[in-house]
Amino acid sequence: MFLAGAKNLEAKKEWINELNVFPVPDGDTGTNMTLTIMSAAKEVAVMEDPDMATLCKAISSGSLRGARGNSGVILSQLFRGFTKRIKGEETLTIPILSEAFDKAVETAYKAVMKPKEGTILTVAKGGADKARELAENGCDDLSVFIDEIIKYADEVLEKTPEMLPVLKQAGVVDSGGQGLMQVLKGAYDAFLGKELDLTIPENTQAKPQTETAQKEEREIRFGYCTEFIILLNKTFNIKQEIDFKAYLESIGDSIVVVADDDVVKVHVHTNDPGLAIQKALKYGALSNMKIDNMRLEHQEKLFKEEMKKAAQEEVQMPHKDTGFIAVSVGKGMDEIFKGLGVDYIIEGGQTMNPSTEDMLNAIDKVNADHVFILPNNKNIILAANQAKAMVKDKDIIVIPTKTVPQGITAVINYVPDLSAAENEETMNAEIGNVRTGQVTYAVRDTTIDDKEIKQGDYMGLGDHGILSVGTEMDTVAFEMIENMMDDSLELISIYYGSDVDEQTAQALRDKVEAAYPSCDVELQYGGQPIYYYIVSGE
């Protein structure tokens, strides 16, 4: 049922992407939810006759680490709560399933700082309410039970536009809620015994996010890329984790060790995979084993990618008190963050939200007691907070930056002489003084904020809505800046993207400078895709 739900969501992801309120070309909700569930589905698909506890662990841990974007994180929390209730059971009855629905909703709501009704949370809660009602009324037919839950949750989904005016204006239901419904409907098809293709392709996950600055490498030092999961049969505390990593470092490089309750995910490049396996067997049984010979000629492309990854992970950062991780996209933006002292760049942003595991890998690379994370996108903040909750040996501080300019401002206002807590307070206050505008294009016709938008139009997006629309890019950019302005702004920063030439950007800067002589106007190359201009006002 789980695999069928995952496959149905995957099949509908583009349709779900199109339900996004703003017609921007980032297509996130369907993609993020699919990548999240497929992270778990890959682990489930290779299991042979698992027991309930093992299955639940694969679903919970796989989705938790693969979670991307707000919708993906909430979906992973729904799975986490649901499996927490059923993992000790051999048979699932209606009362148990009802309790599992309640636990799922409770866990997901707790994960969101300010739960908003009219979203995937509301749809999940509606399903849980119906499950409880059916259980209390003595329903004893699972087919009726599941069918009634789906029907009622669909009714709740159809009401989401009445709960969120922005959905009503755009003429769509909540995309995250629709994604959840596709999971439930796919699972129900499997329950009914329909013939379904439950094959989970190997390439369902996105390519791992890698740190941008990488050291050149001329040859592969360690030839076998070795990956496996340890199913722990004993405790695996911090000291044991450190000792295990130290052993792997003595036989290889490109090491990733991520522990989560009773599972440890391991990745190492070594010339003797057997040594890594023998050491791991001391902690428990192994699953999901994969060994690739990176020196084979027909894997030349993989060879080059793994070389870069190995080289990056060999760079040992000196220990320090405070480190920074920033999510960025575009060579120019990356260089700006590096110039401001950011230790690790995660490639991401609108077109590809990093997963919780990407965050964990980045945290592992930054050798600091206190690590600040700048998500720089509202759809990445939950994944950053989820990673924070999973890290015990470092103080992780997530500054809820929703845009790249906010992230830049946060780093600029870091003061080394202040404590981590004092810097957190300062940065949170300063990002509130930043206004951001972004120019992109529309992927469909719609009407938002009383503005009629045609496919292909340029749009200027502000912090709280659409500021300008038109057919001329620079006109839209200037009108957006006009609508951002007031007497309090002293600095305007314009970052031009990969699809804008410097001469065009200079002309926009000159026009803005002439219109607002009392403001400092800066122009910098951002190199970001999708967004022609990102503009900040402070």
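The text that follows walks through the structure, step by step, so that each part is easy to find. Note that the structure is a prediction, hence the values are computed from the model and not measured.

1. Quick notes on the overall build of the chain
Item 1. Looking only at helices and strands, one finds 20 helices and 16 strands in the chain.
Item 2. Out of the 538 residues belonging to the chain, those deemed buried represent 54%.
Item 3. A separation of at least 24 residues holds for 71% of the contacts in the chain among residues at least 6 apart in sequence.
Item 4. Looking at the chain as shown, the accessible area adds up to about 24,400 Å², and 49% of this sits on carbon and sulfur atoms.

2. A word on the environment of leucine 508
Item 1. Its place among the elements puts leucine 508 in helix α20 (residues 502-515).
Item 2. Since its relative accessible area comes to 3%, leucine 508 is described here as buried.
Item 3. Residues leucine 508 and isoleucine 494, 14 residues apart in the sequence, show an inter-C-alpha distance of 8.9 Å.
Item 4. Contacts of leucine 508, omitting those with residues within four sequence positions, involve Asp474, Ala477, Phe478, Ile494 and Tyr533.

3. Quick look at the pairing of strand β13 (residues 465-470)
Item 1. Here strand β12 (residues 458-462) runs beside β13; their pairing, made up of 5 bridges, is antiparallel. Residue pairing across strands places tyrosine 458 opposite glycine 470, the latter belonging to β13.

4. Some remarks on the side chain of threonine 83
Item 1. With respect to the helices and strands, the residue threonine 83 is situated in helix α5 (residues 69-86).
Item 2. For threonine 83, a relative accessible area of 6% translates into the label buried.
Item 3. Of note is the side chain of threonine 83, whose polar atom sits 3.2 Å from the backbone oxygen of arginine 80.
Item 4. Once residues within four sequence positions are removed from consideration, threonine 83 is found in contact with Cys56, Ile59 and Ser60.

5. Quick notes on the nonpolar core
Within soluble globular proteins, side chains that are nonpolar tend to cluster in buried spots.
Item 1. Counting 54 residues, the largest nonpolar core has Phe2, Ile37, Ile74, Leu78 and Phe145 as its most contacted members.
Item 2. If near-sequence neighbours (up to four positions away) are discounted, isoleucine 74 is found in contact with Ala108, Val112, Ile120, Leu121 and Leu382.
Item 3. Within the second largest apolar cluster, 28 residues are counted, among which are Ala442, Ile466, Tyr531 and Ile534.

6. Observations concerning the packing of helix α19 (residues 473-484) against α20
Item 1. Between α19 and α20, the least distance of the axes is 11 Å, while the angle of their chain directions is 35°. Of the two elements, α19 crosses α20, and the hand of that crossing is right-handed. Listed contacts from α20 to Met473, Asp474, Ala477, Phe478 and Ile481 of α19 are Thr504, Leu508, Lys511, Val512 and Ala515.
Item 2. Counted by class, the contact of α19 with α20 contains 7 nonpolar, 1 polar and 2 charged residues.

7. Focus on the packing of helix α7 (residues 120-136) against helix α8 (residues 142-163)
Packed helices, taken two at a time, are described by their axes: the angle between them and the distance between them.
Item 1. In contact at an axis separation of 8 Å, α7 and α8 are set at 145° when each is read in the N-to-C sense. Note on packing geometry: the crossing formed by α7 with α8 is right-handed. Only Phe145, Glu148, Ile149, Tyr152, Ala153, Val156, Leu157, Thr160 and Met163 of α8 make contact with α7, whose side of the interface consists of Thr122, Val123, Gly126, Gly127, Lys130, Ala131 and Leu134.
Item 2. Split by residue class, the contact of α7 with α8 holds 10 nonpolar, 4 polar and 2 charged.

8. Some remarks on the packing of aromatic side chains
Item 1. One pass over the full model with this rule turns up 10 aromatic pairs.
Item 2. Judged by centre distance (6.2 Å) and plane angle (65°), the rings of phenylalanine 372 and tyrosine 414 are edge-to-face. Within this pair, whereas phenylalanine 372 is found in strand β7 (residues 368-374), its partner tyrosine 414 is found in the loop between α17 (404-412) and α18 (420-431), the two being separated by 42 residues in sequence.
Item 3. Judged by relative accessible area, phenylalanine 372 falls into the buried class, the value being 0%.
Item 4. Seen from the ring of tyrosine 247, lysine 279 lies directly overhead, with NZ or CZ sitting 5.1 Å from the centre.
Item 5. The positively charged end of lysine 511 is found above the aromatic ring belonging to phenylalanine 478, 4.5 Å away from the centroid.

9. What about the sheet that holds strand β16 (residues 533-537)?
Item 1. Strand order in this open sheet of 6 strands is β13-β12-β9-β16-β14-β15, and the pairing throughout is mixed. Strands with a single pairing partner mark the edges of an open sheet, and in this sheet they are β13 and β15 (520-525). When strand polarity is set aside, the average angle formed by the axes of neighbouring strands in this sheet is 20°.

So, how was this worked out
- Residues numbered from 1 in each chain as written.
- Predicted model: local features only at pLDDT ≥ 70, side-chain atom pairs only at ≥ 80, totals over all residues.
- Heavy atoms only, no water.
- Helix = DSSP H or I, 4+ residues; strand = E, 2+ residues; numbered from the N terminus.
- Buried < 20%, exposed > 50% of the residue type's maximum accessible area, 1.4 Å probe, protein only.
- Contact = heavy atoms within 4.5 Å.
- Areas by Shrake-Rupley, 256 points an atom, 1.4 Å probe, with all protein chains shown as cover.
- Pairing = 2+ DSSP bridges.
- Polar contact = N/O pair within 3.5 Å; in protein donor to acceptor, adjacent residues only side chain to side chain.
- Core = buried A, V, L, I, M, F, W, Y, C linked by side-chain atoms within 4.5 Å.
- Axes fitted to C-alpha atoms, helices over the stretch in contact; angles between N-to-C directions.
- Left-handed = near helix turned anticlockwise from the far one by under 90°.
- Nonpolar A, V, L, I, M, F, W, Y, C, P; charged D, E, K, R; others polar.
- Phe/Tyr/Trp six-rings, centres within 6.5 Å; stacked < 30°, edge-to-face > 60°.
- Lys NZ or Arg CZ within 6 Å of the ring centre and 35° of its normal.

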